[in-house]
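Now for the letters of each chain:
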Amino acid sequence: MATFKLTEALIEQIQGLIEAQQGDALVALFEDYHFADIAEIIDELSVEEATYLIKLLDSEKTSDILTELDEYLRESILSNLSAQEIASEINELDTDDAADMIADLPQEMVQQVIQSLDDKEHAQDIVDLLRYDEDSAGGLMAKELVKVNENWTVAKCVREMRVQAEHVTRVHSIYVVDDHDVLKGRLSLKDLLTTSTKTHIAEIYIPKVDFVHVNETPEGVARIMSKYDLEAIPVVDEAHRLVGRITIDDIVDVIREEAEKDYQLAAGLSSDVEADDNILDLTKARIPWLFLGLLGGIGAAAIMGGFESLMKDHAMLFFFSPLIAAMAGNVGVQSSAIVVQALASEGLRGTMSQRLLKEVMLSLLNGSLLGGLLLLVTWVWKGNILTSMAISLSLVSVTLFAGIIGTFIPIFLHKRGVDPAIATGPFITTSNDIFGILIYFSIAKLILGI
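Every value quoted in this text rests on a predicted model; they were computed, and no experiment measured them.

> What is the right way to look at the overall build of the protein chain in this model?
Secondary structure assignment for the protein chain yields 21 helices and six strands. Here the C-alpha radius of gyration of the protein chain, 30 Å, is well above what a compact globule of 450 residues would show, namely 22 Å. With the C-alpha coordinates aligned to their principal axes, the bounding extent of the protein chain is approximately 90 × 65 × 45 Å. Residue burial in the protein chain is summarised as follows: out of 450 residues, 42% are buried. Of the contacts formed within the protein chain by residues at least 6 apart in sequence, a portion of 67% connects residues at least 24 apart. When the accessible surface of the protein chain is summed, it comes to about 24500 Å², and 56% of that surface belongs to carbon and sulfur atoms. Positive and negative charge centroids in the protein chain, built from 33 and 70 side chains respectively, lie 11 Å apart.

Given below as structure tokens:
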């Protein structure tokens, strides 16, 4: 299949066909397109044009298209559909995707859609999923899976699996339960195919199976599946009963969303926003950290004002203050980014004191190398060895301080239950700027004897 490429010409062609109400031509055009490619096209259309296409195309394809769309656009399209039309889309989706889509609807519409679903068992499964917190394994799982009873024979197991598999898009694993649906283990397809049809499942299933509880966080599920390289993992309730499964495609979405959130926190955005959001929402997300930066700048200026006499006698110090502040911010962000990454992947080893000691050694080495180079440059440039020493020693001290703060703050926040990603952005930069300037001029005053 050729690689899809979205072009302005294609968008204009589609918009022209929509305007002319050329439904048959549009259906023929989209016949061989993957649903993800159609979703990419719809993202470029108006809500009215997108709604027209969703109503025009077959629900078997549009249901998948809707799951790929931006949440805001999907909500706008669904608001233009009737409860029966939404139910037609829901009927084609797995329960996890269906629950996610229904959760975006107004409560009165949710009830109408549920009542309009043809498959009442499917409807009940969706209702069950809606009861779970969306930020939990229960809110992430799907009800579709293949499970067999430990008391069945291989022959009955195969018959039952054929019935169950009709409702499962992809069979990753075969789970074994007892008469009360308690998860007992998993079944090897090889053992199933090579064992006598009269053998009971209890004799051949594998007791060892990785699982998660319904209240586990999505990040926790992602860590377990990543660690054990799983394509799917079963979900159990408080009584250890099998209630669903989570597949790798859902975990990829979790990892992407978490990475986007951490990136925005590191960039100084206090809430989840996108480029297409309105100006007011974008301003609300940006202004808190910008205000912190403003306060930090005022604080740095106030500190420099306290050393006004020092700068009058040694104007050279003023020209290097941006370098010291920038270096403090850069070192702090580097240190915190490494720690936050390790915390996110649970790869942080050792105690806090061990981490701080390692950072002290690293900062001393980096600071000494950079400070030595700066000493040489400023001495050759200005010819004042005492001032050059003051600037270089300040750089070493600031690098050391910033490294320690960049390591300590994320670990401290993590232990207090606060997302440590917040420490990799303006928080660290601003605090290190202030303390960097204070350290810089304090050391310079001490060395220059003023």
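Having seen it, we continue.
> Hey, could you run me through a nonpolar patch on the surface in this one?
Taken together, the side chains of Phe 291, Leu 294, Leu 295 and Ile 298 make up a nonpolar region of the molecular surface, amounting to roughly 400 Å² of accessible area. Inspection of the secondary structure puts Leu 295 in helix H16 (residues 279-305).

> Looking at this structure, how should I read the sheet that holds strand E1 (residues 146-149)?
Whenever strands of a sheet pair, they do so through backbone hydrogen bonds, lying parallel or antiparallel. Read across the open sheet, the three strands follow the order E1-E2-E3; overall the sheet is mixed. Strands with a single pairing partner mark the edges of an open sheet, and in this sheet they are E1 and strand E3 (183-187). Strand-to-strand, the axes of this sheet are offset by a mean angle of 35°, without reference to chain direction. Looking at chain direction, E1 and strand E2 (residues 174-177) are connected through four bridges and run parallel. Directly across from Val 148, in E2, lies its bridge partner Val 176. Sitting on the sheet, helix H12 (residues 154-165) touches E1, E2 and E3, and the angle it makes with E1 is about 155°.

> Got a minute to help me understand the pattern of salt bridges in this structure?
Inspection of the entire model under this criterion finds four salt bridges. Of the charged contacts in the structure, one is a salt bridge between Asp 128 and Arg 131, with a shortest N-O distance of 2.7 Å. Between Arg 241 and Asp 237 there is a salt bridge, with its nearest N and O atoms 2.8 Å apart.

> Help me out: how do you make sense of the pairing of E3 in this one?
Put simply, side chains in a regular strand alternate between the two faces of the sheet. The sheet contact formed by E2 and E3 spans four bridges and is antiparallel. Bridge pairing links Tyr 175 to Arg 186 in E3. If you look at the hairpin formed by E2 and E3, you'll find five residues sitting between the two strands, and Asp 181 has a positive phi there, around 70°.

> Hey, could you run me through the sheet that holds strand E5 (residues 232-236) in this one?
Read from one edge to the other, the open sheet built from three strands follows the order E4-E5-E6, with strand pairing classed as mixed. Since the sheet does not close on itself, it has two edges, and those belong to strand E4 (212-213) and strand E6 (242-247), each with one partner. Of the pairings in the sheet, the one linking E4 to E5 comprises two bridges and is parallel in character. Considered in E5, the bridge of Val 212 is made with Val 235. Here helix H14 (residues 218-227) sits on the sheet in contact with E4, E5 and E6, set at roughly 135° to E5.

Rules behind the numbers
Residues numbered from 1 in each chain as written. Predicted model: local features only at pLDDT ≥ 70, side-chain atom pairs only at ≥ 80, totals over all residues. Heavy atoms only, no water. Helix = DSSP H or I, 4+ residues; strand = E, 2+ residues; numbered from the N terminus. Rg over C-alpha atoms; globule rule 2.2 N^0.38 Å. Buried < 20%, exposed > 50% of the residue type's maximum accessible area, 1.4 Å probe, protein only. Contact = heavy atoms within 4.5 Å. Areas by Shrake-Rupley, 256 points an atom, 1.4 Å probe, with all protein chains shown as cover. Lys, Arg positive; Asp, Glu negative; His and termini not counted. Charge placed at Lys NZ, Arg CZ, Asp CG, Glu CD. Patch = residues over 30% accessible without salt bridge, like charges linked within 9 Å, V, L, I, M, F, W, Y side chains within 5 Å. Salt bridge = Lys/Arg side-chain N within 4 Å of Asp/Glu carboxyl O. Pairing = 2+ DSSP bridges. Axes fitted to C-alpha atoms, helices over the stretch in contact; angles between N-to-C directions.

Keep in mind that these numbers describe shape and distance, not what the molecule does.
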